[in-house]
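# Observations on the model geometry
Spelled out from the first residue to the last, the chains are:
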Amino acid sequence: MIYQIYPRSWADGDGDGVGDLSGMLSRLDHLGGARDSLGVDAIWLSPFYCSPMVDFGYDVSDHCAVDPTFGTLEDFDALLAAAHARGIRVLVDYVPNHTSDRHPWFCDARSSRSSRRRDWYVWADPAPGGGPPNNWPSTFAATGPAWTLHASSGQYYLHSYSSAQPDLNWQNPEVRAAMIGVLRFWLDRGVDGVRIDAAHRLGKDSQLRDNPAELAGRRTDLDPTVRERFRHIDHAPVHEILRDLRQTLDAYDDRVAVGEVGIADLTRMGCYYGDGDELNLAFCFGLWRQPFSAVAYRDTIAAIETALPRHAWPAYALSNHDLSRANSRLTGPGDSIARARVTATVLLTLRGTPFLYYGEEIGMTDGPVPPEHATDPDGRDGCRTPMQWNGNAGAGFTTGDPWLPIPASAATVNVADQLTDPRSLLTFYRDLIHLRRETAVLRAGDYQPCAADPYVYAYHRHDPTDDVLIAANFSDSDRRYADPRLPARGERLLSTAVAGGDEVELRPLHLRPLEATVIRLV
Ligand code: GLC
């Protein structure tokens with residue numbers, strides 16, 4: 001399982017109010033290597049590269065240097081070594097679709113129509129009557145068209161996100177070579193893999209044709225049903241690029257590429273795994289759109305399991321730095337922590353690699369960010385408030401003035417309090433992660449859904465030597481769950497409601513309100 005750190009918000013080592021690499025190093029005990037660590041296998045770090053921070057690091061101005069806000073390359077090396085010493089692998093973000101408009105490549109590209117790197121980005125003349133070359137919208141709500149006029153050269157440049165993030169032209173072999181060089185730079189440094197930002201956006205319609213008229217002006221990334229029909233995104237050229245990236249990774253030992261593939265059509269998403277020669281993992285965002293419901297979870301997983309090719313290993317997340325936190329979103333019966341235990345159990349026992357967004361393990365919710373503190377061009381500040389380490393001023397995150405306000409909930413929702421509380425969400429996550437580590441079938445077994453039930457989502461994980469049942473009661477009343485194919489009894493390995501270790505009756509299985517349980521079938 002992989003833990004996502006948003007570097008600005010996790011731990012501030014130098015007291016400037018913004019998280020950094022030395023802060024991260026000082027907090028590694030939380031993740032691995034200590035008696036009460038969570039026990040994660042790997043961390044994914046959102047960008048910490050040089051950046052003007054218009055999109056908080058996703059606008060990169062030097063891919064091979066650490067932004068001074070976060071520290072130095074030496075700090076990164078120290079973090080990597082310390083993580084490895086604890087058995088934690090490290091994935092870094094790789095942002096291939098665009099750079100910052102202050103990247104030297106773009107500065108050169110915009111210097112004149114005949115500059116050496118002009119063609120490294122996507123330029124087009126104005127439409128015949130004037131205005132942007134076509135009707136493609138930018139992904140960020142506030143920024144309008146995906147085109148900005150560069151007045152002195154009279155052409156528009158393409159930016160799928162903000163105007164400060166011009167899209168690279170991956171059809172230019174020099175761009176490809178330069179960006180593969182970036183990938184090698186980090187692999188040579190010893191990182192274990194990359195999370196590829198906006199992987200699906202690397203290809204665009206080569207003739208820059210309009211999106212269908214009825215979609216004009218619609219935002220792409222918020223509307224999965226229309227996004228598939230945007231010409232702005234052309235999947236065909238992407239696969240060849242991804243094969244190149246994968247070959248680069250495969251020249252090293254045991255590295256991984258997980259892609260952000262923001263498309264809703266699962267069959268098409270399955271193509272991003274290629275024949276085992278493109279992405280190793282692609283994020284399935286299906287779960288984050290679902291309400292807290294057994295039927296919704298079951299159907300979502302069924303659709304993913306059916307659509308992905310056999311060799312495709314899913315990657316699941318309940319939230320990330322772009323999405324509202326699961327604990328704010330998933331309303332339903334009972335208290336939110338009881339619901340969080342249910343979704344945690346499912347996340348950590350599905351067939352796939354689970355990703356945990358920082359703070360989810362203690363039940364953090366979106367922080368209130370008053371308009372005068374809002375910073376993000378796309379309104380995502382709420383899910384990025386500082387990690388709540390303890391109930392003191394600064395929440396143990398910083399001794400300075402935090403870059404986003406620390407939610408008042410830090411007084412009661414924090415790591416220090418939960419670490420010593422056997423009934424806390426953090427303790428439950430730790431038990432669950434340890435169970436997953438110890439139980440091979442939970443990591444690698446097949447997935448088989450059990451009998452459908454309106455309130456209980458139940459499935460097996462199975463391999464030739466082991467068979468484990470997971471049953472999650474999404475309702476706040478007692479349920480008697482029956483599947484005639486289940487054996488009479490099993491051994492309870494873990495439950496949100498009672499201690500594990502005992503024998504349990506399975507015909508029927510009695511589940512308490514909002515109980516999720518893992519049972520070995522014998
Ligand atoms: C991805 C990132 C998001 C960023 C965007 C542009 O969707 O997750 O945070 O704003 O790409 O890089």
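Predicted model, so just to flag it, every value in this text is computed and none were measured.

It is worth spelling out the site of the ligand at this point. Inspection of the region around the ligand gives 13 residues, with Asp-55, Asp-197, Glu-260, His-321 and Asp-322 positioned closest. Note that an oxygen atom of the ligand is positioned 3.0 Å from one of the side-chain N or O atoms of Arg-195. At 2.8 Å from an oxygen atom of the ligand is found a side-chain nitrogen or oxygen belonging to Glu-260. If the ligand stood free it would expose 300 Å²; the protein chains cover 98% of that surface. Looking at the shell around the ligand residue by residue, the class counts come to three nonpolar, three polar and seven charged.

A few words now on unusual backbone geometry. Looking along the chain, the bond that leaves Arg-507 and enters Pro-508 is cis, with omega of 0°. Assignment of secondary structure puts Pro-508 in the loop between β19 (503-505) and β20 (509-511). Even without glycine at this site, Met-53 takes up a positive phi of about 70°. Structurally, the position occupied by Met-53 is in the loop between β3 (49-50) and β4 (62-66). Taking relative accessible area as the criterion, Met-53 reaches 15% and is therefore assigned buried. Of note in the backbone geometry, Leu-208 takes a positive phi value of approximately 50° without being a glycine. Here Leu-208 lies in the loop between β9 (193-196) and α5 (224-227).

The next point concerns the packing of aromatic side chains. For any pair of aromatic rings, the description rests on two quantities: the centre-to-centre distance and the angle between the ring planes. One pass over the structure, following the stated rule, counts 25 aromatic pairs. Ring geometry for Tyr-3 and Trp-10: centres 5.9 Å apart, planes at 65°, overall edge-to-face. Accessibility classification places Tyr-3 together with Trp-10 in one group, the buried group. Members of the aromatic cluster, connected to one another through ring pairs, are Phe-48, Tyr-49, Phe-76, Phe-185 and Trp-186. It is Arg-117 that lies over the ring of Trp-120; its NZ or CZ is 4.8 Å from the centre.

Moving on: the side chain of Thr-248. Within the element layout of this structure, Thr-248 appears in helix α6 (residues 236-250). Classification of Thr-248 as buried rests on a relative accessible area of 6%. At 2.9 Å, the side chain of Thr-248 and the backbone oxygen of Asp-244 are in polar contact. For Thr-248, the residues in contact, after removing those within four places along its chain, are Ile-180, Leu-183, Arg-184 and Leu-187.

Basis of the calculations
Sequence order as written defines residue numbering, which begins from 1 separately in each chain. Per-residue local features are limited, in this predicted model, to residues with pLDDT of at least 70; the limit for side-chain atom pairs, both in listing and counting, is 80 or more; totals at the level of whole chains, interfaces and linings are taken over all residues. Excluding hydrogens and water, the side-chain values take into account all heavy atoms of the structure. Proximity is defined per residue: if any heavy atom of the residue lies within 4 Å of a molecule or strand, that residue is considered near it. N or O atoms within 3.5 Å of each other form a polar contact, as long as, within protein, one can give a hydrogen and the other can take it, and as long as residues adjacent in sequence are counted only when both atoms are side-chain atoms. Only the protein chains shown count as cover for residues, and all accessible areas are computed by the Shrake-Rupley method using a 1.4 Å probe. As a working rule, the residues Ala, Val, Leu, Ile, Met, Phe, Trp, Tyr, Cys and Pro are called nonpolar, Asp, Glu, Lys and Arg charged, and the rest polar, with Gly in that last group. Secondary structure follows DSSP: runs of H or I at least 4 residues long count as helices, runs of E at least 2 residues long count as strands, and numbering of each begins at the N terminus. For each residue, the accessible area found with a 1.4 Å probe, counting protein chains only, is set against the maximum for its type, and the residue is called buried under 20%, exposed over 50%, and partly exposed in between. When two rings of Phe, Tyr or Trp (its six-membered ring) have centres within 6.5 Å they constitute a pair, described as stacked for plane angles under 30 degrees, edge-to-face for angles over 60, and tilted for the intermediate range. Sitting over a ring, as applied to charges here, requires NZ of Lys or CZ of Arg to be within 6 Å of the ring centre and within 35 degrees of the ring normal. Residues count as neighbours in contact if any of their non-hydrogen atoms are within 4.5 Å of one another.

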